[in-house]
Amino acid sequence: MCDLKAYVLKNNKEELLLESVNNVRSEGGEVVLRNLFGEEKRVQGEVREVSLVKNRVLVVPR
């Protein structure tokens, strides 16, 4: 199984947003992230990068 760590780019720094992410979707200008435990985070913005090798997703807010 491939669980990702989600980071959000703020002030040119990557901040950890959510761990154990297994679902990422775009919904009306938001990136919706959900993890194995049912926790959900929403960020106004877009996905800049998904790396399965690094097990991460990078979200850029608007």
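Please refer to the structure higher up on the page.
Now for a description of the structure that goes with this document. Each chain has its residues counted from 1, running along the sequence as written. Owing to the predicted nature of the model, reporting of local features is limited to residues with pLDDT of at least 70; listing and counting of side-chain atom pairs is limited to 80 or more, with chain, interface and lining totals taken over all residues. Side-chain descriptors were evaluated using all non-hydrogen atoms of the structure, hydrogens and water having been removed beforehand.

Focus on the overall build of the protein
Assigned secondary structure in the protein consists of zero helices and five strands. Over its C-alpha atoms the protein spans a radius of gyration of 11 Å, differing by no more than 12% from the 11 Å that the globule rule assigns to 62 residues. Taken over the C-alpha atoms alone, the protein extends approximately 30 × 25 × 15 Å along its principal axes. We call a residue buried when its accessible area falls under 20% of the maximum for its residue type, exposed when it is over 50%, and partly exposed in between, using a 1.4 Å probe and counting protein chains only. The proportion of buried residues among the 62 residues of the protein is 31%. A run of H or I in DSSP counts as a helix once it spans at least four residues, and a run of E counts as a strand once it spans at least two, with each numbered from the N terminus. Radius of gyration: C-alpha atoms only; globule rule: 2.2 Å multiplied by the number of residues to the exponent 0.38.

Observations regarding the sheet that holds strand β1 (residues 4-10)
With mixed pairing, the five strands of this closed barrel are ordered in space as β1-β2-β3-β4-β5. The sheet shows a mean angle of 65° between the axes of neighbouring strands, taken without regard to direction. A pair of strands counts as paired when DSSP detects no fewer than two bridges linking them. Pairing of β1 with strand β5 (residues 56-61), which is carried by four bridges, proceeds in the parallel orientation. Across the sheet, residue Y7 finds its bridge partner in β5, namely L58. Geometry is summarised by axes, namely lines fitted to C-alpha atoms with helices restricted to the contacting stretch, and by angles between N-to-C directions that run from 0 to 180 degrees.

What about the pairing of strand β2 (residues 13-27)?
Of the pairings in the sheet, the one linking β1 to β2 comprises six bridges and is antiparallel in character. Residue pairing for β2: K10 is matched across the bridge by K13. Hairpin connection of β1 to β2: two residues between the antiparallel strands, including N11 at a positive phi of 50°. The hairpin turn running from β2 into strand β3 (residues 30-35), its antiparallel successor, is two residues long, and G28 in that turn takes a positive phi close to 60°.

Re the environment of N22
Mapped onto the fold, N22 is located in strand β2. Residue classification places N22 among the partly exposed positions, given a relative accessible area of 43%. Linking N22 and F37, residues 15 residues apart in sequence, is a C-alpha distance of 9.7 Å.

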